[in-house]
Structure formats: C-alpha cells, structure tokens
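Each chain is listed here by its residues.
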Amino acid sequence: MRMRAKILLGFLVLGLLLLFSGMVSYFELNRMGKNTREVLEESSHNVELSEKMMDALNEQNITLMQAITLDSPRYDTIFYSLRAKFDSALEEITQNEDNLMEVVSIHSARDSYYELIEEYFRTPERYSIEEFAEAYSKEFFKLSYEVKHYLDDSQHSLKNGIIELEETAYRATTAGIVTLSVTIFIVIVFAFFIDIYYIKPILEINSGLDGFITKGSSFVVKVEGDKDMESLRERIDTLIKMYVKK
Amino acid sequence: MRLPIVFRYIGMILLLNSIFMLISAGVSLIYGMDTAFYPLLLSAALTAALGAFPLLFVEKSEQIYNKEGYAIVVGAWIMACFVGMFPYLLWGGEFNISVAWFESVSGFTTTGASALTDVEALPHGLLFWRSLTHWLGGIGVVMFVLVIIPTLGKTKMTLTSFEMSPLAKENYPYKAQKLASILLVVYLTFTLSETLILKLVGMEWFDSITNSFSTIATGGFTVRNKSIGHYDSLVIEGVIMFFMALSGVHFGLIYATFTGKRRNIFRSEVTRFYIATFMIAGLLIAYNLWDNQVYGTFGESLRSGLFHSISSITTTGFSIADTTLWPPLSVLIIFMLMIQCACAGSTSGGIKSDRILLTIKVLWARILKQQHPNAVIRVRLNGATQEETFIGYSLLFIVVYLFLIFVGSIVVAAAGYDLTTSFSMSVASIGNIGVGFGEVGPTSSFAVATPFIKVFCSIYMLLGRLEIFGLLHLLFIRWWR
C-alpha cells in the first residue's frame, strides 16, 4: 500500500471511530429522551386519573350526605353522574394492562361501597342512621385508601423506568468514553508509525544530504518499512551518483 | 526490539477476537436481539480497528527474535483481556471497570472466577462471549492465530515455543505447523463431542455449548448461578467429569493414543500419576464427608467428592455442592489438588502433575545418592532422562509459585479478609481455578473483593496463565533494549 493510501486510511479509521461513537451516543441519548418523556407522561397520567377518582369519590360523599339529609331526588342524579365519572377513570386505568393487578383491589372496594349505598337506597328502613354511618365510613375509607394506594404504587413502579433510564444513560456515555479511549490509543499508535516510517527517514535523508553537500561525505542512509520512502532514498542516491560522475 | 512487528502480530490476534465478538453478536441476534447485541457489535468494531491499524503500516516479517516473541505473546494476552472487557463495560449492569477487567482476565486465563452476583441476569449474547473467552484462552490466544494463519513461516515456530509451556513441548515430537493443528483438532473434537453428549442427556443447546467451552478449556464459567449444581443430574455431572478429566491430560498424548502411536496415555507415568491422584483424593474426600455425615449416603459423598476433586485438579472450578461446609480434611485435600493441578500440555493451570512427580523423583534420587554417594543416578520422567537445567527450572518454578501464593495471601489478608478467604483467593487466582473457600466459595463470588483486590487477583491469573516467568519478563526494562 502506498504512503498516501496508508495515511488517508489511518485518518479515515479515526474519523469513522469518532463518527461511530457519536452515532451510538446519539441513538442512546435519543432513546433516553424518548423513554424519559414516556415515563413522565405515564406518571402525570396516573396522577391525573387518581385525582379524578379521588375528586369523584369526595363529591359522591358530599352528595350522598345531602341526598340523605335533604331527601331530594335532585341529588340522586348528581350522585350517579359522579359515580359515572369515577367509573370512567377506573375503566381507563383498567385498560392499561400494567396496572391490572393493582386496580383489582380498587374494583373490589368500589363494588362493596356501591353495594352498601344501593342497599340503603333500596331498603333504608333496614339501617338506623348510626349503623349506616358506621358501615358507610368503613367502606368509604377503604375505597379512598385503595385509590391513594394505587397512586403510591404507580409512582413506585416508575422506579423501574428510572433504572432503565439510568442504564441507557450509562450505555450512551460509556460507548462514547470507550470509543474515545480507543481513538486516543490509535492516535498514539498512528503518531508512532508516522514517526518511524516517515518522519525519521525524512530526517535521516535530510541529514545524509546535508553531510554530502557540506562535508562531501557519502550518502549512506538506511530506510526500511515503507516502499515510497525507500524509493525516495534510492532516487536521491541515483541522483548523487549521477552528479558525482559528471 | 522492533515494536512495529510486535504491534502487527498483536493486531492479528485482536482481529481474531473481533470475529468472535461478531459471532457472539450473532448469538444475541438469535435470542431476539437481546441487550448485548449493540455492545458486542460496537466492541467488535473497536477491536477490529485496533487490530487492523498496525497491519496497514507494518510489512510482514519472516523472522522474529526472542524478545519480540515474548513481547507478542505477553502483549497479546494483555490486549486480548483489555478488548475482552469492552462488551461488559458497554453493556453495563453490574459491570464497572474493575469488574469488567476481572471478568475478562478470568475468562481468557480460564480461571472462571466471577465478580458477578447474578450471572443469570446477563443476556445470552454476553453469556456466550463470556464462555467464548474461556474457549479462546484455553487453547491460547496466540496459538489460535498460529493455527488459522498458515503462512507465518519461521514466525510460527518462534511464537509456538513462547506460547507453550516448556513442559508441554516434551510430548510433541511434531513441527510447529502440525503441533498447532493437532491442538485444534483435539480441542474441536472434544468441544463438539461434549456439546452433543450434553444435549443428548437433556441439556439445552445454549447451556451445552457454553458448558462445553468451559469444560474443555478447564475454565469454570457457567450460565447458571448454582454452577453445574443447577442441573442436579448425575448423568450430566458424569459427562462433565469425564471431559474435565480428559482435558487435564496432555493433548499431544491424546492425539497419539487415537492415532495408535507408541507414546500414548497408557504409557505416560505422568497421566497415571494424575489419574491416581484425583481418584485417591476423591475417595478420601468421599469417606471423610460420609464419616462426618455431611451427606446421607456414601454414594452422595462419592458424587460430590469425586466431582470436586476432578474440578479442582483440572483447575476448572465447577461445583455441585457448597464445599465451604465440608470438614477440614476434605478442604485441605482440595487445596492440595488446587496447587498440584493436571498435566502439562493440557488446558489446565497451576504447578502441573509433571513437576510434582519430577520433584518426588528428584527427592528419591537425592535419598539414594546419600545412601550410595558414588552411584550415578538419573532422574527419568516418562522414560526420558531429565537434564539438570530442566530439573532446576522445574524446582525453581515450584518455589516461586508457592512463594507467590504466600505473598498473594498476605496482600489479600492485608485488605481485611480472613485466612481461608485470603489463601483461597491467592491459590484460586494463580492456579486459574476460580473457586475457593471462605468468602469465595461456590455459593459466593469475587464480588466481595475490593477493586484493588480484583485487579491484584487478575494479575495473579495472568501470572499463572503465562507460567510466571512469561509475565515477569515485562518487569525487566533493561532487557527490552
């Protein structure tokens, strides 16, 4: 291989390594950015749905108290619309397969809460107000506890996403660091080869020529390893011999 | 010394490594492009760039000198370990620089010690690469290149002589080209045979391939946290025991046996000594375990005793039981086997049975000489008279080896580990065994070691793999001029 090709190829390898390192880091960082957005969106969506459920539950609680104390059918309509609001939020969470295990307990608490209220509406004479209040507060707090617990759980489950993000960040930076280290190593080896195959021979040829011109000493220079440099030395040697002959 | 020539040959070895990284990336692809795919691919590209670079500039040289030969062999081992840690580092997980370096050195030197707490968490591609480092290191990273590149001429002869232990050359009455081919034929035949047999007895393809790599290289990496104990199968253990024992025999002798040569396994007194050692040790351990009621029956004691005897003497380091619970006599016998090790010319590390038998013979000759001062007593090994210089070298090796074990134990103990753990780490590292007692027993790993101890143990592994003197040459700077 000729000198020009060797040096060009050397720089090309270095350039490609840097490009490769940049590309890997770019793709990994891009992926990290996408994952971060997904994690944050999931988190904010879960918080939003939990809040929606909590609001609907609290409003149901107030409406129910008004319905019992004021005994007006107007509150029944409001109560059932709030119930629908709660159910739609729960339905949305249920559709998300990741949360399926966690929402089972909310479903169960909601069913017993609804059952108690329905039973009271159907046969109010079965309960004294104290008995109902006691049974109701138990079911209400159980349901609100499950909703809050779901919120906590969904926030904890984000931890896995964060760990994944950490690993992606590690890969993005390590790939860059390792590639740069290898590139630095190759630069050192490249400099070493250029020095021994090109710089040293040129200096020796120069020194040999200097000796011939200033002191008239013979041109004895040993060049090994690179064909172009060997050819240069031979041509100079031939030129000198031609000059001496003349 | 001509450094460019050294770089050129190390470059060839790195190129070979990059091919094997690509093969591992292929495995990763087969297993649904697992998380090791990109790290392996990037590592292969970096290693290929490192290896190909010197080949661009340095012309082929027909003749290399002694110093260059040493530098190529030692440099190749160090660089192979260096690039070998790229896939681990790039993958992440439990790997940081010290763990990745430790795992890579442990793989290439066929030590099999792991600094991981959960091996099963690694993706298939990375597990395959981990076992492949054993397989490459078992035959010798330099030897591998010598086998696959047929046009190295005299260089092949010089490099073969540096890569191979002086003891191992004894049973190879062949030319360098033939010798390298014999090694590869025996190595490949064993690996293929074990893989097929393990598959036939019920192991999955991936497990049987990776376990075969480890067994034939007498390495010790497995793809399961409980090592071979995971399979809990007497048949699998039997197959692995057979191949471990076989891999501890001189490969040249195995080849000679199969080709009907006179100088074969059955005529080799070193092989007989090696087999007798692990059989007697296995029986002694079995009796000791049974006597101390560690296991319910003598059969169970024999199963564990014999498996761990073979695993220790061959420096494989597989385990099927928690040996840290064993009585002191069994532990001491295992330590003795870990120091003696198998035959020269095999893939095992350590002092080697050849040197131990030679020492016994020298001792016997010395006693006879004292009784008969005028007698001419020759020390013979495998029927050949041993020269004084060779005997001196062997004895010096044993002394330096034992001295290094003690120095290693002191260094590890100084880092705060107990006596058993310190001694275990030192013996397991320099002997390329990988598993010991105390905190580095079969149920734990070198994960307990500090980064300094991990690096220290990895240097010991390289010292053991290069038979001490190979690596020590690097320390004598004046010699380089």
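Keep in mind that what you see is a predicted model, and the values were worked out from it rather than measured.

Peer 1: Help me understand the overall build of chain A, please; the structure alone is not making it clear to me.
Peer 2: Tallying secondary structure elements over chain A gives five helices and zero strands in all. For chain A, the N- to C-terminal ordering of α and β elements is α-α-α-α-α. Projected onto its principal axes, the C-alpha coordinates of chain A cover approximately 135 × 25 × 25 Å. With 246 residues in all, chain A has 35% of them scored as buried.

Peer 1: Could you clarify how one ought to interpret the interface of chain B and chain A in this entry?
Peer 2: A common way to express how large an interface is: the accessible area buried when the components associate. Each partner contributes residues to the interface: chain B has 22 residues there, and chain A has 25 residues. In total, chain B and chain A occlude about 2300 Å² of area from one another, counting both sides; carbon and sulfur atoms represent 80% of this. For chain B, the biggest contributors to the area lost against chain A are B:Phe53, B:Leu56 and B:Phe57; these three give 32% of the whole. At the boundary of chain B with chain A, the tally comes to zero salt bridges.

Peer 1: How should the confidence of the model for chain B be read in this particular structure?
Peer 2: Low-pLDDT portions of the prediction should not be read for the details of their coordinates. When pLDDT is averaged across chain B, the result is 87; 91% of the residues are at 70 or more. Interface confidence for the predicted complex, given as ipTM, is 0.75, next to a pTM of 0.81.

Peer 1: Just checking my understanding: could you explain the nonpolar core for this structure?
Peer 2: Soluble globular proteins tend to bury their nonpolar side chains together. If you look at the biggest cluster of nonpolar residues, it comprises 171 residues, and the most contacted ones within it are B:Phe57, B:Phe95, B:Ile240 and B:Met425. The contact partners of B:Phe95, leaving out residues within four places of it in the chain, are A:Tyr170, B:Tyr88, B:Ala100, B:Glu103, B:Leu116, B:Leu122 and B:Leu126. Listed in part, the 26 residues of the second largest apolar core include A:Leu64, A:Tyr120, A:Tyr136 and A:Tyr150.

Peer 1: I would appreciate a short explanation of the packing of helix α13 (residues 269–291) of chain B against helix α14 (residues 298–313) of chain B in the present structure.
Peer 2: Each packed pair of helices is defined by two parameters, the angle between the axes and the distance between the axes. Residues and elements named next belong to chain B. Where α13 meets α14, the closest approach of the two axes is 7 Å, and the angle between their N-to-C directions is 140 degrees. Judged by the angle between their axes, α13 and α14 are oblique. Viewed along their axes, α13 and α14 form a crossing whose handedness is right-handed. Between α13 and α14, the residues in contact are Tyr274, Thr277, Phe278, Met279, Ala281, Gly282, Leu283, Ile285, Ala286, Tyr287, Leu289 and Trp290 and Phe298, Ser301, Leu302, Ser304, Gly305, Leu306, Ser309, Ile310 and Ile313, respectively. The residue inventory of the contact of α13 with α14, partitioned by class, reads 15 nonpolar, six polar and no charged.

Peer 1: How do you make sense of the confidence of the model for chain A when you look at a structure like this?
Peer 2: Here chain A shows a mean pLDDT of 82. Residues at 70 or above account for 96%. Helix α2 (residues 73–95) of chain A is the least confidently modelled element of chain A, averaging 80 in pLDDT, while helix α5 (residues 227–245) of chain A averages 85, the highest of any element.

Peer 1: Teacher, can you tell me more about the packing of aromatic side chains here?
Peer 2: For any pair of aromatic rings, geometry is given as the distance between the ring centres together with the angle between the planes. Per the counting criterion, the structure on display carries 39 aromatic pairs over all chains. Taking 4.8 Å as the distance between ring centres and 20 degrees as the angle between the ring planes, the aromatic pair formed by B:Tyr88 and B:Phe95 counts as stacked. As far as burial versus exposure is concerned, B:Tyr88 and B:Phe95 are alike and both buried. Stacked on the ring of A:Tyr114, the Lys or Arg A:Arg83 has its end atom at 3.8 Å from the ring centre. Between B:Arg130 and the ring centre of B:Phe221, over which it is positioned, the NZ or CZ distance is 3.9 Å.

Peer 1: Help me understand a negative patch on the surface, please; the structure alone is not making it clear to me.
Peer 2: Residue and element names in this part refer to chain A. A surface patch of like charges, here negative, comprises Glu48, Glu51, Asp55, Glu59 and Glu92. Tallying contributions element by element places helix α1 (residues 3–70) first for the negative patch, with four residues. Within the secondary structure, Glu51 sits in helix α1.

Peer 1: Looking at this structure, how should I read the state of the cysteines?
Peer 2: Covalent bonding between the sulfur atoms of two cysteines is what defines a disulfide. One pass over the structure, following the stated rule, counts zero disulfides over all chains. For the unlinked cysteine B:Cys81, the closest cysteine sulfur is that of B:Cys457, found at 14 Å.

Peer 1: It is not clear to me how a nonpolar patch on the surface should be interpreted in this structure. Could you clarify?
Peer 2: Taken together, the side chains of A:Leu9, A:Leu12, A:Leu16, A:Leu19, A:Met23, A:Tyr26 and A:Phe27 define a hydrophobic patch exposed on the protein surface, amounting to about 710 Å² of accessible area. For A:Leu16, the location among the structural elements is in helix α1.

Peer 1: How do you make sense of the environment of B:Arg378 when you look at a structure like this?
Peer 2: Mapped onto the elements of the fold, B:Arg378 is located in the loop between α16 (353–371) and β1 (380–381). Spatially, the C-alpha atoms of B:Arg378 and B:Val362 are 9.0 Å apart, while their sequence positions differ by 16 residues.

Peer 1: Even after reading the chapter, I still don't get unusual backbone geometry, so can you show me in this structure?
Peer 2: Trans peptide bonds make up the majority, and among non-glycine residues the majority have a negative phi. All names here are of chain B. Despite not being glycine, Ser227 has its phi angle at roughly 55 degrees, a positive value. Among the structural elements, Ser227 can be located in the loop between α10 (205–216) and α11 (234–247). The buried category is assigned to Ser227, whose relative accessible area is 8%.

Cut-off values and rules
Residues numbered from 1 in each chain as written. Chains lettered and ligands numbered in written order. Predicted model: local features only at pLDDT ≥ 70, side-chain atom pairs only at ≥ 80, totals over all residues. Heavy atoms only, no water. Helix = DSSP H or I, 4+ residues; strand = E, 2+ residues; numbered from the N terminus. Buried < 20%, exposed > 50% of the residue type's maximum accessible area, 1.4 Å probe, protein only. Contact = heavy atoms within 4.5 Å. Buried area = accessible area lost by both parts, 1.4 Å probe. Salt bridge = Lys/Arg side-chain N within 4 Å of Asp/Glu carboxyl O. pLDDT = per-residue confidence, 0-100. Core = buried A, V, L, I, M, F, W, Y, C linked by side-chain atoms within 4.5 Å. Axes fitted to C-alpha atoms, helices over the stretch in contact; angles between N-to-C directions. Parallel < 35°, antiparallel > 145°, perpendicular 65-115°, else oblique. Left-handed = near helix turned anticlockwise from the far one by under 90°. Nonpolar A, V, L, I, M, F, W, Y, C, P; charged D, E, K, R; others polar. Phe/Tyr/Trp six-rings, centres within 6.5 Å; stacked < 30°, edge-to-face > 60°. Lys NZ or Arg CZ within 6 Å of the ring centre and 35° of its normal. Patch = residues over 30% accessible without salt bridge, like charges linked within 9 Å, V, L, I, M, F, W, Y side chains within 5 Å. Areas by Shrake-Rupley, 256 points an atom, 1.4 Å probe, with all protein chains shown as cover. Lys, Arg positive; Asp, Glu negative; His and termini not counted. Charge placed at Lys NZ, Arg CZ, Asp CG, Glu CD. Disulfide = S-S within 2.5 Å.

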